[in-house]
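# Notes for the structure review
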Amino acid sequence: MGAALTRAAQWTTAGSGTGKLEITPLNESLLKEIIRFVENFSARYPQEAALVFKEPLEWTSTLDVSHFTTDYDISGSTVKSRETGKDGNPLLHLSSSSIAVSSFNQLSKVIQMAQDKKLKEVRACLEANRDPVAKIIGPSFATIEGEDTSVLRLVEKVKQDDKDNESEVKMKVFLLIQQLDMQLLNNSLKQISQEVRLSPAAVKNDVELLKRFCGEGEKRVLMSIEYTSDYEFSNGCRTPPWRQVHGEICYLVIKPCDTEPLYITCSTTGVFINGGKKKDDGEIDYERKSDIYKDLVILLKNKSRHFEENINKQDFANYEEPPSTEKTAHVESVDVEEQGQTQRSYEHQEKNMHEKTRQQPAQNKPSSKKKLEPSLKWRNLGITSSYEEKNYNLKNKKIGKYEKPKQTQEDILPHSPESKKRTIFSSSSLAGRYSSHKIKTPGGGPGASEFSESSTESEEDEDQPERRQESNTDLPSEYWQIQKLVKYLKGGNQTATVIALCSMRDFNLAQETCQLAIRDVGGLEVLINLLDTEEIKCNIGSLKILKEISRNAQIRRAIADLGGLQTMVKILDSPDKDLKCLAAETIANVAKFRRARRTVRQHGGIKRLVELLDCVPEDSATLTPEQEKDIEVARCGALALWSCSKSPRNKEAIRKAGGIPLLARLLKSPHENMLIPVVGTLQECASEQRYRVAIQTEKMIEDLVKNLNCDNQELQMHCASAIFKCAEDKKTRDLVRQYEGLQPLVSLLNMSENKQLLAATTGAIWKCSISMENVVKFQEYKAIETLVGLLTDQPEEVLVNVVGALGECAQEPVNRAVIRKCGGIQPLVNLLTGTNQALLVNVTRAVGACATEPENMAIIDRLDGVRLLWSLLKNPNPDVQASAAWAICPCIENAKDAGEMVRSFVGGLELIVNLLKSTNKEVLASVCAAIAKIAKDEENLAVITDHGVVPMLGKLTNTTDDKLRRHLAEAIARCCMWGTNRVSFGEAGAVAPLVRYLKSRDIAVHRETAQALFQLSKDPNNCIIMHENGVVKLLLDMVGSPDEVLQEASAGCVANIRRLALANEKARYG
């Protein structure tokens, strides 16, 4: 919190003045980590949370009096905490909007009260307290640069004041803050290392190139561009060393033709406008005044209209490099992600450049001139070489005969310089492309949420590296033939274009060489531009090629970059059904990554695709050719929706567009090629609750079950996967049984060679087995024996489901014996050593269920299964911890010498007691249940008492969770059996909250609570507390309960309270 704020956080000022935290992803990540730390501090470290700060943290808060509860004294607009320090001052004081907080306890409460404004509250606090550590522990612990000896000083102080508990607490707080600092710095380092960074060489290259377009005349794009410093350090930077540590490379003064001079900072993170030169001393104001941009061109295009309009008109290839005998031509290596090329290909180009230079005569004349090789970044602006310019001029000789209204062939195909730009950029303009590279802060504008997608959404080819053909490799003949055909596409008339398209289709377009050849020679741009023409033949020919080559991940991304998806979405409105089919199929191929799916949605593609599903019913025996076309259109629409449905926003868009009833109708189709995309879409969407309900109400479960019996394994897999997701709901599980879908699922377990089908089938069986009625059916079909056979030599996705199903089936005693007889205990125990978190949760549940049988428990003990379960309590995943603790309970209960077994685990009892500090309620409930079993052994109870189990259990009693209440009360009842634990529970404040448990509606809570109160009532002070909290009336009602255990415990407790009252009266009156 100290060092991280100084070194990692991004502030609006360069110095340590009263700056603000910038709204950046890095800062947001740091703030969220700090919120998580402070929010859980009081629960995890109660003693340290009570430490009173040396000075209060003060800031302007968003909270007002309405946010505070009964724990505070409220007077007008002033709020004071009832909790005070040694000097009597409140630990929280709010006056108007100014707040002062003096302990972590209060700080934690403030963050919890802030609710959805937590981020804003913590930001304000840290901005007002730049070094919070100094205020929390004292100024001697302020964050400093260089060697920090504060820890040593603190250790010395603790040694001097052995009896001073406060110094020890301070040391713990300081170490916890240091630990947080290290975590924050490591996280920020990871985030920063993933960011794209500029280099001094790249900046210098851009500046030198821009200088060539400065000066006088109509063609100039800038008046001037100058560095503020002529001195260049050995690392290429021109900024002072104390600014270089902030990643700054140089400062520029750029004079555009149409705006005031711009003072720009170039840094490794990007370029931005600074405050310019100060009037008083002429020094640069380093504070950032604009957004951060990827490079100079993008910034200037956003700040100067003149620059934006004229930079595209410049011919970079005709500018010559100044004469030099020392420097060689250099192709700049640019950002891989931005340009979509691998670093390898750039290095190869650079190597070739240097090899050519070495081959030249050593004595270069000073007057000799070389043509400047433009950086690839500048090529991306859409400027072509002089060789390409000649090609385009040749094309101008031919003019096509087919027209768009008010457009010639030159407007459609790239004959002229104007149409050339269109070819290169298609429907994405240069400004649009570069605006997407601008670094925006979170929430920076309306519609920002439209561009966000779920982080869980699959990214099938999101990180695929882009490959280009290397210049000196032996390329196949197809490559050059395709290049010739693309030239005909660019320059031919209608007939030549159609012939070229047909010839291109004769190549093996499934071959990657052919696919990349079309892209590398500019064929993609032409094919996408052809989609804008009114000529159906050209549209169809182009789409047929795009459909084939878009199976390649790199081609998909290129089509999206060139705006091809927007054009294809428009084609979905075409009256021509063949055209609609091809467009939908191509969209299905391209929409395999998140950005493409988002583009389809944002341009109205989802609604259009859903409309394609509305075809004629297929119940008629004979179909007309027109109806067959309608069905094919619907199939292609379903294919596209299947690809798009991987996005949560698209799932919602499909539902709103009325896609569910149309999919339900198509699900009744007899054609497998129609059913596969329809069921595929449904199983993708079934992860959403609304879809699961709709699948039930639209009676689709019957059709899914029916298709489990088909011969197509892909269709079977999708049907099983849909059932897997839908069977979370009980009604669906009942419907699957009702429509006799359980037997086909068991039959599919024999298809063990098809792992995808096996994973979907075992998943469906797992979820269906949650209902005990289905488990009975699975017993009939011998499913348990088959599942045990799948416990070895299977991928993890299959094992997770198999073990999950066995865990559910093992809830029935008969099945536990079946699992043992089939040899299933050993493979289950072996799986406890795995690392897959979902598998560990399921396998611990299955082992725990099996352990309820003494014979099974003997095998588990022999295989050291209990030790493995205990070791899983160290797992960082709370789900694994909870599942392991639940499994330990039956193990302790059914082990022969449980007490000795538990004591044999070194550090095991301390480990389980420490888990009572968890914030996860399921973990707490399971650990309380385990402690109740452990405490049955007197020696173990003595050990856990020494580990502080009593105060820890006492702190948990204020919970409102009935599951936790039940097991907590049971644990308290068991722990009362040792020494003075009853008295200790009373001192820990556990008695009064337990009385409130009797008001719960859960009978199990009543039973365990009554037993705990009976044990506690054996101490007179506890009886008094119970009586004061009205326990007698509640217990009297429960004395008449049909539950004998509850009845007896309630009566015993009332009897103890009555005996105390009688003894008191006897002592008073004699």
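Fair warning: this is a prediction, and the values are worked out from it, not measured in the lab. (Residues numbered from 1 in each chain as written. Predicted model: local features only at pLDDT ≥ 70, side-chain atom pairs only at ≥ 80, totals over all residues. Heavy atoms only, no water.)

### Description of the overall build of the protein
Scanning the protein for helices and strands turns up 61 helices and nine strands. Taking all contacts inside the protein whose residues are at least 6 apart in sequence as the whole, residues at least 24 apart take part in 69%. As displayed, the protein offers around 50300 Å² of accessible surface, 49% of which is attributable to carbon and sulfur atoms. (Helix = DSSP H or I, 4+ residues; strand = E, 2+ residues; numbered from the N terminus. Contact = heavy atoms within 4.5 Å. Areas by Shrake-Rupley, 256 points an atom, 1.4 Å probe, with all protein chains shown as cover.)

### Remarks on the environment of leucine 839
With respect to the helices, strands and loops of the structure, leucine 839 is situated in helix 46 (residues 837-850). For leucine 839, a relative accessible area of 4% corresponds to the buried category. Among all residues touching leucine 839, those that are not within four sequence positions of it are Leu799, Val800, Val803 and Leu831. (Buried < 20%, exposed > 50% of the residue type's maximum accessible area, 1.4 Å probe, protein only.)

### A few points about the nonpolar core
The nonpolar side chains of soluble globular proteins are, as a tendency, buried together. The biggest cluster of nonpolar side chains holds 220 residues, and the ones touching the most others in it are Trp870, Ile944 and Leu953. Counting residues in hydrophobic clusters, the runner-up holds 42 residues, among them Phe37, Phe104, Leu107 and Ala114. (Core = buried A, V, L, I, M, F, W, Y, C linked by side-chain atoms within 4.5 Å.)

### Considering the pattern of salt bridges
Scanning the entire structure with this criterion turns up 39 salt bridges. Close ionic contact of aspartate 630 with lysine 577 constitutes a salt bridge, the shortest N to O distance being 2.8 Å. Taken together, the residues span a long stretch of sequence, with aspartate 630 in helix 31 (residues 625-644) and lysine 577 in helix 28 (residues 577-590) at a distance of 53 residues. Comparing aspartate 630 with lysine 577 shows no difference in burial state: the two are buried. Between lysine 629 and aspartate 578 there is a salt bridge whose closest N-O contact spans 3.7 Å. (Salt bridge = Lys/Arg side-chain N within 4 Å of Asp/Glu carboxyl O.)

### What about the environment of glycine 604?
Looking at the element boundaries, glycine 604 is found in the loop between helix 29 (594-602) and helix 30 (605-612). Between the alpha carbons of glycine 604 and glutamine 566 there is a distance of 9.1 Å; along the sequence they are 38 residues apart.

### Things to note about the sheet that holds strand 5 (residues 98-103)
One open sheet holds the five strands; their spatial order is 1-5-4-3-2, and the pairing between them is antiparallel. The open sheet has two edge strands with one neighbour each: strand 1 (52-60) and strand 2 (72-75). Sheet twist, expressed as the mean angle between neighbouring strand axes with direction ignored, is 10 degrees. The pairing of strand 4 (residues 92-95) with strand 5 spans four bridges and is classified as antiparallel. The partner of leucine 92 across the bridge, within strand 5, is valine 101. Each of strand 1, strand 2, strand 3 (78-81), strand 4 and strand 5 touches helix 5 (residues 104-114); the most contacted strand, strand 5, lies at about 135 degrees to it. (Pairing = 2+ DSSP bridges. Axes fitted to C-alpha atoms, helices over the stretch in contact; angles between N-to-C directions.)

### Let's talk about the packing of aromatic side chains
Under the defined criterion, the tally for this structure stands at 10 aromatic pairs. Seen in terms of ring centroids, phenylalanine 37 and phenylalanine 41 are 5.3 Å apart; in terms of plane orientation they differ by 65 degrees. Their pairing is edge-to-face. Classification of phenylalanine 37 as buried rests on a relative accessible area of 15%. Taking the relative accessible area as the measure of exposure, phenylalanine 41 reaches 0% and is therefore buried. Ring centres 5.1 Å apart and planes at 75 degrees place the aromatic pair phenylalanine 68 and tyrosine 72 in the edge-to-face group. Both residues of the pair, phenylalanine 68 and tyrosine 72, belong to the buried class. Through successive ring pairs, a cluster of aromatic residues spans Phe37, Phe41, Tyr45, Phe53 and Phe104. (Phe/Tyr/Trp six-rings, centres within 6.5 Å; stacked < 30°, edge-to-face > 60°.)

### A few points about the pairing of strand 3
Of the two faces of strand 3, the one holding Val79 and Ser81 is buried and the one holding Thr78 and Lys80 is not buried anywhere. Sheet topology note: the strand 2/strand 3 ladder contains four bridges and is antiparallel. Note that in strand 3 the partner of isoleucine 74 across the bridge is valine 79.

### Thoughts on the side chain of asparagine 774
Locating asparagine 774 in the fold gives a position in helix 41 (residues 772-780). Residue class for asparagine 774 comes out buried when judged on its relative accessible area of 0%.

### Quick notes on the pairing of strand 5
Across the six residues of strand 5, five count as buried, placing the element largely inside the fold. Of the strand pairs in this sheet, strand 1 and strand 5 are connected by five bridges, and their pairing is antiparallel. Counted as the bridge partner of tryptophan 59 is isoleucine 99 from strand 5.

### Points about helix 43 (residues 796-809)
Between the first and last C-alpha of helix 43 there are 20 Å, a value that for 14 residues agrees with the 20 Å anticipated at 1.5 Å per step. A large share of helix 43 lies buried, amounting to 12 of its 14 residues. (Expected span 1.5 Å × (residues − 1).)

### Considering the sheet that holds strand 7 (residues 248-256)
In space, the four strands of this open sheet follow the order 6-7-8-9, with antiparallel pairing throughout. Single-partner strands in this sheet number two, and they are strand 6 (222-227) and strand 9 (270-273). The sheet shows a mean angle of 25 degrees between the axes of neighbouring strands, direction not considered. With six bridges connecting them, strand 7 and strand 8 (residues 262-267) associate as antiparallel partners. Each residue of the ladder has a partner; that of glutamate 248, found in strand 8, is serine 267. The sheet strands contacting helix 10 (residues 200-211) are strand 6, strand 7 and strand 8, and the helix crosses strand 6 at an angle near 145 degrees.

### What to know about the packing of helix 52 (residues 921-934) against helix 55 (residues 962-975)
Between helix 52 and helix 55, the least distance of the axes is 8 Å, while the angle of their chain directions is 25 degrees. Judged by the angle between their axes, helix 52 and helix 55 are roughly parallel. For the pair helix 52 and helix 55, the crossing hand works out as left-handed. Where helix 52 abuts helix 55, its residues Glu922, Leu924, Ala925, Cys928, Ala929, Ile931, Ala932 and Lys933 lie against Lys963, Leu964, His967, Leu968, Glu970, Ala971, Arg974 and Cys975. In the contact of helix 52 with helix 55, the residues fall into 10 nonpolar, one polar and five charged. (Parallel < 35°, antiparallel > 145°, perpendicular 65-115°, else oblique. Left-handed = near helix turned anticlockwise from the far one by under 90°. Nonpolar A, V, L, I, M, F, W, Y, C, P; charged D, E, K, R; others polar.)

### Observations concerning the packing of helix 22 (residues 494-505) against helix 25 (residues 536-549)
Closest axis-to-axis distance for the helix 22/helix 25 pair is 10 Å, and the angle between their directions is 20 degrees. Our classification of the angle between helix 22 and helix 25 gives roughly parallel. Handedness of the helix 22/helix 25 crossing: left-handed. On helix 25, the residues touching Thr497, Val498, Leu501, Met504 and Arg505 of helix 22 are Lys537, Cys538, Gly541, Ser542, Lys544 and Ile545.

### Concerning the confidence of the model for the protein
Detailed conclusions should not be drawn from predicted coordinates in areas where pLDDT is low. The predicted model of the protein averages 80 in pLDDT, with 80% of residues at 70 or higher. Low confidence marks residues 317-456, where pLDDT is under 50. Its contacts with residues over four positions away, or in another chain, come to 233 contacts. Confidence over residues 458-463 falls short of pLDDT 50; this stretch has 15 contacts with residues more than four positions distant or in other chains. (pLDDT = per-residue confidence, 0-100.)

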